[in-house]
Amino acid sequence: MGKGFLKKSRPDYKWVIAAMCILILFAGLGFCSSAKNLYIKPITEAFGFPSSLFTINDSIRYVTVSFVTVFFHKLVKKFGTRKLICAGLICYIIYAVINIFAETIPLFYLGGVFLGIGVALSSTTMISVVINKWFVKNKGTVLGVVLSSNAIGATVAAFAAARLMSGEGNVFGYRNAYFLTAAVLLVVMVVFLVFYREKPEETSREENVTEEKKNRELTEHGHGEFFKSPWFYVVIGCLFAYAVSGINGAVIPHLEYIGFDKEFVTASFSISTFALAISKLLVGFIYDRFGIKAAVNTCLISSFAAKGLLIIITATELGKVLVISHSLLNALATPLETVMLPILALDLFGEKSFAESLAITSTVLTVGQALNAPLAHLPYDLTGSYSLSFWISTVVAAITLVLINVAVASLKRKEKTLVK
């Protein structure tokens, strides 16, 4: 009786794991990935690199993520999450150090390789697997809370980077920002090594089994049948097209080129990243409360509106209002590529094949992002304007909104038929 009481009253270690996941995403994705667009203009101006040529390092990063993600499930089974996350944090640090000293494009490309390995081993895909192992109830909300730390990290990184890069003649101020990034990551890695543990024993998870999990296990065979459905490939195709036509990397340079001052652009980026922290939680809650269709539509409608605004924004007072509106809408759209990715994998493939299915969807998305990095900047290099990029992205968002709704509805009907 006494032992049972002590066992139940002991704090659940899953919340320590959740805190570790928050720290990892705060420092890793927040400082290294989400804030990387702030460095495009300072670095290209410091060395005279063309934007489309320099941003190929983003493509290299995404190709690296895709390559590593293909073997993700096997790597997790062989090495476990602790070793892989630690390796990812080390790669983040190497990336920051390389960018401190890099003076040629090939060295920045090398940094992109290490950034890609870091993202593949210790970002959304890995954290989703960790959360899925430790949590059973309200996974959408928990994922939303944990993944929102990326946005908070990006907000902190943006303010810090802006201060470190500001000042007349401070051409290489971005190096100070990368030094800060390396230092933050080193501290997080030490904390991670002290507190992180591998997944709990199955006996401890039995206490958390819910009816939701039991129902999912009953439909496991049905989820596997989706591989044979053409609508599955429509969903994958939509994710790919959405990623290829993305324009997030072009927004900050575009706003500066059309006449908005750097301080306002940095502030609007910070608003977006702060709002993203709330939107990830909101989208996760919408999924838990209203289902996958409502959550996906929230993201895609916001994406269409945000991209459409970029076409009409000019450097005026009204333009400033539209920029802030874009920032808020874009924040509500972004969870489609983060919170919703593991949720889509879980809904379409089921619990047992979660790691493998998440690897598939992540790979498709990152291949699209790899192609997008230089393509988003190419219209500017050719015409001096990003308008074509924004038009294409807006049209693709509208098509994706229609197709993915039809696909999800069809797949859900298929699921009900299989369960019966």
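As a convention, each chain's residues are numbered from 1 in the sequence order in which they are written. Local features in this predicted model are restricted to residues of pLDDT 70 or higher, and side-chain atom pairs are both shown and tallied only at a pLDDT of 80 or more, whereas totals for entire chains, interfaces and linings draw on every residue. Hydrogens and waters are ignored; side-chain quantities use all the structure's heavy atoms.

Q: I'd love a proper account of the overall build of the protein chain, names of residues and values included.
A: Secondary structure summary: the protein chain contains 21 helices and zero strands in total. A 1.4 Å probe rolled over the protein chains alone gives each residue an accessible area, and that area as a share of the maximum for its type sets the label: buried under 20%, exposed over 50%, partly exposed in between. Across the 420 residues that make up the protein chain, the buried fraction comes to 55%. Working rule for contacts: check all heavy atoms of both residues, and any pair within 4.5 Å makes them a contact. Taking the intrachain contacts of the protein chain between residues at least 6 apart in sequence as the baseline, contacts between residues at least 24 apart amount to 85%. Note on areas: Shrake-Rupley, 1.4 Å probe, and residue coverage restricted to the protein chains presented here. Just so you have it, the protein chain exposes about 18400 Å², and 69% of that area is on carbon and sulfur atoms. Numbered from the N terminus, helices here are DSSP runs of H or I no shorter than four residues, and strands are runs of E no shorter than two.

Q: Describe in detail the confidence of the model for the protein chain, supporting the description with residues and values.
A: For every residue, the predictor states its confidence as a pLDDT score lying anywhere from 0 to 100. Confidence in the prediction for the protein chain averages 80 pLDDT; 85% of positions are at 70 or higher. Under a pLDDT of 50 for its full length, residues 1–10 has, in the predicted model, one contact with residues more than four places off or in other chains. Under a pLDDT of 50 for its full length, residues 203–224 has, in the predicted model, 33 contacts with residues more than four places off or in other chains.

Q: Outline the packing of helix α5 (residues 56–70) against helix α7 (residues 105–122), supporting the account with residue identities and numerical values.
A: Lines fitted to C-alpha atoms define the axes here, with helix axes fitted over just the stretch in contact, and angles between the N-to-C directions of these axes take values from 0 to 180 degrees. At a closest axis distance of 7 Å, the pairing of α5 and α7 adopts a crossing angle of 35°. Considering how the two elements wind past one another, α5 and α7 form a crossing that is right-handed. Across the interface between the two elements, Ile 56, Asn 57, Ile 60, Arg 61, Thr 64, Val 65, Val 68 and Thr 69 of α5 pack against Phe 108, Tyr 109, Gly 112, Val 113, Leu 115, Gly 116, Ile 117, Val 119, Ala 120 and Leu 121 of α7. Ten residues, namely Ala, Val, Leu, Ile, Met, Phe, Trp, Tyr, Cys and Pro, are considered nonpolar, four, namely Asp, Glu, Lys and Arg, are considered charged, and the remaining ones, Gly among them, are considered polar. Grouping the constituent residues of the contact of α5 with α7 by class yields 12 nonpolar, five polar and one charged. Each crossing gets its handedness from the near helix: less than a right angle anticlockwise from the far helix is left-handed, clockwise is right-handed.

Q: Talk me through a nonpolar patch on the surface; I want residue IDs and the actual numbers.
A: Patch membership requires over 30% relative accessible area and the absence of a salt bridge. Like charges are linked within 9 Å, and nonpolar side chains (Val, Leu, Ile, Met, Phe, Trp, Tyr) within 5 Å. Salt bridge, as applied in this entry: a Lys or Arg side-chain nitrogen positioned within 4 Å of an Asp or Glu carboxyl oxygen. Side chains of Phe 240, Val 367, Leu 371, Leu 375, Leu 378 and Leu 382 sit close together on the surface and give an oily, nonpolar patch of about 500 Å² of accessible area. Among the elements that line the nonpolar patch, the one with the most residues is helix α20 (residues 354–383), at five residues. Note that Leu 378 resides in helix α20.

Q: Describe empty space enclosed by the protein, with residues and values.
A: Using protein atoms alone on a 1 Å grid, points that fit a 1.4 Å probe yet trap it form a cavity, whereas open point sets bounded by protein on both sides within 12 Å along at least five of seven lines form a pocket; residues with an atom within 4 Å of a point count as lining. Grid points are joined across faces, edges and corners, and a volume is the space filled by probe spheres set on the points. Counted under the stated rule, the structure contains five cavities of 30 Å³ or more. Estimated volume of the second largest cavity: approximately 140 Å³. Along the walls of the second largest cavity sit 14 residues, with Lys 36, Phe 54, Asn 57, Asp 58 and Tyr 95 positioned nearest its centre. Looking at the lining of the second largest cavity, the elements that each hand over two or more residues are α5, α6 (72–101) and α7. Tallying contributions element by element places α7 first for the lining of the second largest cavity, with three residues. In terms of residue class, the lining of the second largest cavity is made up of seven nonpolar, five polar and two charged.

Q: Outline the environment of Ser 123, supporting the account with residue identities and numerical values.
A: For Ser 123, the position within the fold is in the loop between α7 and α8 (124–134). Spatially, the C-alpha atoms of Ser 123 and Leu 25 are 6.2 Å apart, while their sequence positions differ by 98 residues. A polar contact is formed between the side chain of Ser 123 and the backbone oxygen of Val 119, at a distance of 2.4 Å. Polar contact criterion, stated in full: a pair of N or O atoms within 3.5 Å, where within protein one must be able to donate a hydrogen and the other to accept it, and residues adjacent in sequence count only if both atoms are side-chain atoms.

Q: Can you tell me about the pattern of salt bridges, naming the residues and giving the values?
A: Oppositely charged side chains can pair when the atoms bearing their charge come close. Applying the stated criterion to the full structure yields three salt bridges. In this structure, the salt-bridge partner of Lys 14 is Asp 12, at a minimum N-O distance of 3.8 Å. For Lys 14, a relative accessible area of 14% gives the class buried. On the basis of relative accessible area, Asp 12 is assigned to the partly exposed category, the value being 34%. Glu 103 is paired through a salt bridge with Arg 175; the nearest N and O atoms lie 3.6 Å apart. One end of the pair, Glu 103, is in the loop between α6 and α7; the other, Arg 175, is in helix α10 (residues 174–195), with 72 residues separating them in the sequence.

Q: Hey, could you go over the packing of helix α2 (residues 14–34) against α10 for me, with residue numbers and the actual values?
A: Helices that pack against each other are described as a pair by the angle of their axes relative to one another and the distance between those axes. Here α2 crosses α10 at 165°, and the two axes come no closer than 10 Å. Overall, the two elements α2 and α10 adopt an arrangement that is roughly antiparallel. Regarding α2 and α10, the two cross each other, and that crossing is left-handed. Packed against α2, whose contacting residues are Val 16, Met 20, Leu 23, Ile 24, Ala 27, Gly 28, Phe 31 and Cys 32, the element α10 presents Leu 180, Thr 181, Val 184, Leu 185, Val 188, Val 191, Phe 192 and Phe 195 at the interface. Split by residue class, the contact of α2 with α10 holds 14 nonpolar, two polar and no charged. Angle categories: roughly parallel below 35 degrees, roughly antiparallel above 145, roughly perpendicular from 65 to 115, and oblique for all the rest.

Q: So what's going on with the packing of aromatic side chains? Residues and values would help.
A: To describe a pair of aromatic rings, one takes the distance between the centres and the angle between the planes. Only Phe, Tyr and Trp rings are paired, with Trp represented by its six-membered ring, and only when their centres lie within 6.5 Å; those with planes under 30 degrees apart are stacked, over 60 edge-to-face, the remainder tilted. Using the criterion set out here, one finds 17 aromatic pairs in the structure. Summarising the aromatic geometry, the rings of Phe 47 and Phe 108 are spaced 6.1 Å apart at their centres and angled 65° between planes, so their arrangement reads as edge-to-face. In this pair, Phe 47 sits in helix α3 (residues 40–47) while Phe 108 sits in helix α7, placing the two residues 61 residues apart along the sequence. Geometrically, the ring pair formed by Phe 49 and Phe 54 is stacked, given 6.3 Å between the ring centres and 10° between the ring planes.

Q: Run through the environment of Gly 284, naming residues and quoting values.
A: Mapped onto the secondary structure, Gly 284 falls in helix α16 (residues 262–290). The residues touching Gly 284, leaving out its near neighbours within four places in the chain, are Gly 140, Thr 141 and Val 339.

Q: Go over the environment of Gly 308, please, and point to the residues and values.
A: With respect to the secondary-structure elements, Gly 308 resides in helix α17 (residues 292–312). On the basis of relative accessible area, Gly 308 is assigned to the partly exposed category, the value being 22%. Along the chain, Gly 308 and His 326 lie 18 residues apart, while their C-alpha atoms are 8.8 Å from each other.

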